[in-house]
Amino acid sequence: MTVATLFSTTGLLGYFVLMVLTLGRNWHSSIHRSFVFYLGAMSIWQFAALMVSISPDVGNALIWYRIMSTGLGGQFILYLFFILAFLRIVPKPVISFSGWLLIFALLNSTPTGLVIASVSKSKVTGLFIPSFGPLVPLLGISTYLFLGYAAFNLATAYRRTKSVQQRNRIRYLLLGACVIGVGTLSNL
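Cut-off values and rules
Residues numbered from 1 in each chain as written. Predicted model: local features only at pLDDT ≥ 70, side-chain atom pairs only at ≥ 80, totals over all residues. Heavy atoms only, no water. Axes fitted to C-alpha atoms, helices over the stretch in contact; angles between N-to-C directions. Helix = DSSP H or I, 4+ residues; strand = E, 2+ residues; numbered from the N terminus. Parallel < 35°, antiparallel > 145°, perpendicular 65-115°, else oblique. Left-handed = near helix turned anticlockwise from the far one by under 90°. Nonpolar A, V, L, I, M, F, W, Y, C, P; charged D, E, K, R; others polar. Phe/Tyr/Trp six-rings, centres within 6.5 Å; stacked < 30°, edge-to-face > 60°. Lys NZ or Arg CZ within 6 Å of the ring centre and 35° of its normal. Expected span 1.5 Å × (residues − 1). Bend = angle between axes of the 7 residues up to and from the residue. Buried < 20%, exposed > 50% of the residue type's maximum accessible area, 1.4 Å probe, protein only. Polar contact = N/O pair within 3.5 Å; in protein donor to acceptor, adjacent residues only side chain to side chain.

Regarding the packing of helix 2 (residues 30-53) against helix 3 (residues 58-86)
Then step 1. Contact geometry for helix 2 and helix 3: axes closest at 7 Å, N-to-C directions at 160 degrees. As judged from the angle between their axes, helix 2 and helix 3 are roughly antiparallel. Pair helix 2 / helix 3 crosses with left-handed handedness.
Then step 2. Looking at side-chain class alone, the contact of helix 2 with helix 3 contains 25 nonpolar, 5 polar and no charged residues.

A closer look at the packing of aromatic side chains
Then step 1. According to the stated counting rule, one finds 9 aromatic pairs in the structure shown.
Then step 2. When the ring of F47 is compared with that of W64, the centres are 5.4 Å apart and the planes differ by 80 degrees; the resulting orientation is edge-to-face. Of this pair, F47 sits in helix 2 while W64 sits in helix 3, placing them 17 residues apart in sequence.
Then step 3. Chaining the aromatic ring pairs together yields one cluster made of F35, Y38, Y79, F82 and F86.
Then step 4. A cation sits over an aromatic face here: R167 above Y158, 4.4 Å from the ring centre.

Structural notes on helix 3
Then step 1. Relative to the 42 Å expected for 29 residues at 1.5 Å per residue, helix 3 spans 41 Å between its end C-alpha atoms, a close match to the ideal helical length.
Then step 2. The axis of helix 3 is deflected most strongly, by about 25 degrees, at Q75.
Then step 3. Extensive coverage of helix 3 is indicated by the burial of 23 of its 29 residues.
Then step 4. Where helix 3 begins, the side chain of D57 points an oxygen toward the backbone nitrogen of G59, at a separation of 3.2 Å.
Then step 5. One or two positions beyond helix 3, positive phi appears at R88, with a value near 60 degrees.

Next up, the structure:
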């Protein structure tokens, strides 16, 4: 088992446990539902990463990298929807529409080479390395805008709230947004 396989397996198990715990609480809560959808996108991304790490050949790795890119883009959008539900902010129609439209576009681009054009195997590390397609800059900018808008709303709520407990919750979510942003940049 490689380090990548170990990390992917551990992450996937963590997301699964969080999903089960959240589903068991209150499905009727928009906060819980939006968190489960976010965890679902993270699970897709993590499962695809696991499958890339155990892929026997470039063809299989290409399929899983393409699925991974859908989960990656979707997680930023769904993170914003979770943050808005958590802060009890009704999303503007343009935000909701553009988010779901982008997720739909990501799902439809999966079988194409528009996001992940190809995959090759590194002669040095033996890892599968993706080559990006022409939509990656547009995808990166648009999904990071969703993450940035989530962080902006969190920072605004942090400054406004008087509750110490709410400030601590927001602090953890801001830290999570930073980890997500830095983590995905390091993958690039």
